[in-house]
Amino acid sequence: MVRKRRTPLPGAGEGSESRELSVGSNHGSQHSTGSASASQQQRGGYQGQGGRNHGPQSGRGNFSGGRYGGGHGMGGGQRGGFSPSGPSRQPIPELHQATQTTQGRMYPPTMACDAGSSSQPPEPCETAQILEQLSIQHEDSTGQAIPCSSKSMRFPRRPGKGTIGQKCIIKANHFFAELANKDFHHYDVSIKPEVTSRILNRQIMKKLESLYNKSHLGGRLPVYDGRKSLYTAGALPFTSKEFNITLSDEDDEDRSGCRRGERKYEVMIKLVARADLHHLGLFLQGRRDDAPQEVLQVLDIVLRESPSTSAGYCAVGRSFFSPKLGERHSLGEGLECWRGFYQSIRPTQNGLSLNIDMSTTAFIEPLPVVEFVTKLLNRDVTSRPLSDSDRVKIKKALRGLKIEVTHRGNMRRKYRISGLTSQTTRELTFPVDEGGTMKSVIRYFCDTYGFNIKHTQWPCLQVGNPQKPNYLPMEVCKIVEGQRYSKRLNERQVTALLRVTCQRPKERENNIVKTVDGNRYNQDRYAEEFGIKISRSLARVEARVLPAPRLKYHDSGKIKDCRPEVGCWNMMHKRMVNGGCVNHWLCISFSRDVQDTVARDFCSELVEMCRTSGMAFNPEPVLPPTSGRPEYSEKVLRSRCNEAMSKLRPIGKSVDLLIVILPDNNGPLYGDIKRICETDLGLVSQCCLKTQVFRKTKQYLANVALKINVKVGGRNTVLVDAIYRSLPVVSDEPTIVFGADVTHPPPGEDSSPSIAAVVASQDWPEITKYAGLVCAQAHREELIKDLYKPREDPVRGIVDSGMIKELLVSFKRETGLKPRRIIFYRDGVSEGQFYQVLLHEVDAIRKACNDLEPEYQPPITFVVVQKRHHTRLFANNHADERTVDKSGNILPGTVVDSDICHPTEFDFYLCSHAGIKGTSRPAHYHVLWDENGFSADGLQSLTNKLCYTYARCTRSVSIVPPAYYAHLAAFRARFYMERDTSDSGSTTSGVSGVRGPMGPGGAAPKSTRGPAAGATVKPLPAIKENVKRVMFYC
């Protein structure tokens, strides 16, 4: 990833591996109103109310002087709010980065005296009063301003290294590199006529090197990126020279069927620049801030040259795959997986390192096309004619694939499939002479090749030029080996892939070492030419194991607080710290195997578990459990809810919770229920699979109770450190913690919108409850456009709104306090997007704050959370049970901020969870902006402790919960979109890769179609106000 040059300012991964346990289904929720019984039940325990009325006086005050946009605002929309006739909005002040300070004073322990469960949301009139009262006093903002472009941007320097925790030595899959002092020269390559294929480009340059290496290249061994850049270790004998290269068909490995004969190319090689190795040395020593990206790029290309030009390797991004690297495994429906390895050169505190990891991806099986189609359709294809849906599925699977013909002996001509014929093979004819004489395909193959076509009822493949296609019967074609499958895998294929890729830490480490030995970097002629030596041993790095935090539960339980052991605990003898209230609920079953009596018994046990865990839960539903057919789900939901409301409306009540029983394989049903409940009916729902309904295990019921509680506004547990105001930085002043993520459509959907989600904490000092907002935006747009968004109001004209402003107002409404600090955890950003995301999103946060009150600028800390990286950490001694968990992984809480981390910037790796299966992937946290003056210990400790507050299970999780919740919310919002009915998308339901939650039964978000890039994105249906106030996405 290339970063733009930075100059100093004045004044200055889980996935296919270890996954967290989350028993139960995905579901939505509604805020409960609480009751007298709930208050009585909670009396005597910890009565935290999200920080209401027990913050420092300096944190009080309301937003005023700005203008609230309303529209879809939480808790009232356009009701009340800021006066449109108030003072005009001041120009946005420059954003400032405060100088580093201490963590601030700590306040003595404070316990709230209010009784009851979670805070009751105000009525609309209360919301209007809050908005009308909002006023914020002027705050000074000192320090250095954020630049308006990345050219003058720099990220915070590391504020020292952490010291908290038990020190230890672990291993990382980094192999330190030594670099000789050689001159790297960069040459521009221009090939005429222009070539778009990297493979053909490499063939041309390979031929050039073989012809002119000694005579014109001075014996240099160049490396080539396949496009425009050529690099040498030392200068070539010229600064500019043109070569004439002739390729024959035997030289060309990228043929698509037609014989081209000899082709002539003009290759111009011209000197561009010399790479500055001195600059690299200063950067690695911490004496320069900007990384010399060109030098790093050269080194990367050098180490990729051998596998890139070797037969049998398939390059995919920074990974190389080959059937020689391990056994192939079938994934079903004509797919198989190949093993491979990932490699990337990285600058670290200990110099350059080569990051090596194991990879696995899906390829098309190199089968005869008839056999491939048989596997694809999963039936005997000769038993009946192909249906229209069969043809569509075959066309999608085969289009774009390379095939070779088998009916011409040793002449294996290759072609690329452009489509299928609309006619069957026996109906196809074509002209054989200028007089228009027609001949059938069947007769042609019989007369010319002596080949009798058997599957005459099948269509032919169209190959070559789509305008002048050639017809090939499927039975004379075989799929060429080495074609990666880049579309979405279905659920069964994902399961099969996970089974193959799941490697215990010791096994993975051994495979990485074998890969390094097999690659023989120190015998590689290109590495030797450029003076690169790679260590054969994994890097040993200093680490620390942070202690687990103590968790507070309700005083009425036998166990009032606990300290988790190895990242895990349970709810035995504990009661939720703030139990929610469910007075009015319904149950609907869409599984024909679940009788009403079975549903009733299951609900009774679930209710009992919720009550035992600390919730106030009415044992009797509003209406008896009922059943419905999945195809009429919307009608059943509306009818049952209307019937319930006819009983509740006269007494001013509504349904608090809907329990839904689903068949194990429910297709789009789960998503339809969530969409209808959350955007139309205003209900929170808990979905349960039929299998779990019959099993009724205590563990399952306990986990579902945790999810129900947070959906109805309760809290399962809080950090003891939060209660006693001893969390770093965030405890001394009211702090709002954001999490944000953008999920993109899976491969194969080239126009569907991306979904952005932002969540924000709604309690302080506990930082446990989060409200969430979602929005659709342009296809594969990573910047969150709706963080701050001026919009047109029919009455007031242009008004400012957006997700940040709405969540800030919601925080004030829930806590009675204004945020004095902002912590923003941003998921899903790659290194190449750091500057762009920071500039846009910090600016949006600033504008939102300023719109609430001119010059209201709370200090911001912006942290990127990365899981899609390839660093893995291993125990130094796998046999030492004191240093590993039950899965053989490093202990939860292991943090690394030295050796393999960035030479100067503030980043760290944190493995906050215990492994279950496979090798744990640590999260990588990189601080891009810090006005709150976090120390290394402060941010690492805070992040680790928050990982123990995840609401859906009694385990610490792998990434900080606000980022996790944002991902869940974004994934949920895909269900709100219109389902794809076109034939251009995937016909199988599944997940994009292996990351992301699925609904019960493995239901993934429905395939969606959206506008093309640049077109207006259709907004998502609005989530009902009572739903988005609570953690409906859990």
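Quantities reported herein were computed from a predicted structural model and do not represent experimental measurements.

Analysis parameters
- Residues numbered from 1 in each chain as written.
- Predicted model: local features only at pLDDT ≥ 70, side-chain atom pairs only at ≥ 80, totals over all residues.
- Heavy atoms only, no water.
- Helix = DSSP H or I, 4+ residues; strand = E, 2+ residues; numbered from the N terminus.
- Buried < 20%, exposed > 50% of the residue type's maximum accessible area, 1.4 Å probe, protein only.
- Contact = heavy atoms within 4.5 Å.
- Phe/Tyr/Trp six-rings, centres within 6.5 Å; stacked < 30°, edge-to-face > 60°.
- Pairing = 2+ DSSP bridges.
- Core = buried A, V, L, I, M, F, W, Y, C linked by side-chain atoms within 4.5 Å.
- Expected span 1.5 Å × (residues − 1).

## Remarks on the environment of Phe908
Part 1: Residue placement: Phe908 occurs in strand β43 (residues 907-911).
Part 2: Of the residues examined, Phe908 reaches a relative accessible area of 0% and is grouped as buried.
Part 3: For Phe908 and Pro922, which are 14 residues apart along the polypeptide, the C-alpha to C-alpha distance reads 9.6 Å.
Part 4: The contact partners of Phe908, leaving out residues within four places of it in the chain, are Val895, Val896, Asp897, Cys901, Ala923, His924, Tyr925, Leu939, Gln940 and Thr943.

## So, the packing of aromatic side chains
Part 1: Evaluation of the coordinates by the stated rule reveals 25 aromatic pairs.
Part 2: Seen in terms of ring centroids, Phe184 and Phe530 are 5.4 Å apart; in terms of plane orientation they differ by 65°. Their pairing is edge-to-face. Taken together, the positions of Phe184 in strand β5 (residues 184-192) and Phe530 in the loop between α11 (525-529) and β23 (532-534) put the pair 346 residues apart, joining distant regions of the chain.
Part 3: Between Tyr825 and Tyr925, the ring centres sit 6.4 Å apart and the planes meet at 80°, which makes this aromatic pair edge-to-face. Remark: Tyr925 occurs in strand β44 (residues 923-930) and Tyr825 occurs in strand β39 (residues 821-827); sequence separation between them is 100 residues.
Part 4: Feature note: the residues Tyr770, Tyr950, Tyr964, Tyr965, Phe1032 and Tyr1033 constitute an aromatic cluster, connected by ring pairs.

## Quick look at the pairing of strand β4 (residues 174-179)
Part 1: In this sheet, strand β14 (residues 351-364) lies alongside β4 in antiparallel orientation, the contact comprising three bridges. Directly across from Phe175, in β14, lies its bridge partner Leu354.
Part 2: The pairing of β4 with β23 spans three bridges and is antiparallel. Counted as the bridge partner of Glu178 is Lys533 from β23.

## Details of the sheet that holds strand β26 (residues 561-562)
Part 1: If you trace the three strands from one edge of the open sheet to the other, you get β26-β25-β33, paired in antiparallel fashion. Bordering the open sheet on either side are β26 and β33 (718-719), each of which pairs with just one other strand.

## Quick notes on the nonpolar core
Part 1: Formed by 115 residues in total, the largest nonpolar core has its most connected members in Tyr825, Tyr925, Tyr965 and Tyr1033.
Part 2: Formed by 44 residues, the second largest nonpolar core is a distinct cluster that contains Ile822, Phe824, Val837 and Ile845.

## Structural notes on the environment of Pro156
Part 1: Structurally, the position occupied by Pro156 is in the loop between β2 (144-145) and β3 (166-172).
Part 2: Considered as a pair, Pro156 and Trp929 are 773 residues apart in the sequence and their alpha carbons are 6.2 Å apart.

## Notes on helix α19 (residues 834-852)
Part 1: A rise of 1.5 Å per residue sets the reference length of α19, with its 19 residues, at 27 Å; its end C-alpha atoms lie 27 Å apart and thus fit the reference within 8%.
Part 2: Taken across its 19 residues, α19 has 15 buried, putting it largely inside the fold.

## Here's the deal with the pairing of strand β13 (residues 335-348)
Part 1: Of all 14 residues in β13, 13 are buried; the element is thus mostly enclosed.
Part 2: Sheet topology note: the strand β11 (residues 319-321)/β13 ladder contains three bridges and is antiparallel. Of the residues in β13, the one forming a bridge with Phe320 is Phe341.
Part 3: Where strand β12 (residues 329-332) and β13 come together, three bridges link them in antiparallel fashion. Along β13, the bridge assignment pairs Ser330 with Glu336.
Part 4: Counting the residues between successive antiparallel strands, the hairpin from β12 to β13 contains two residues, one of them, Glu333, with a positive phi of roughly 55°.
Part 5: Summarising the sheet, β13 and β14 pair through 14 bridges and their orientation is antiparallel. Opposite Phe341, over in β14, you have Met358 as the bridge partner.

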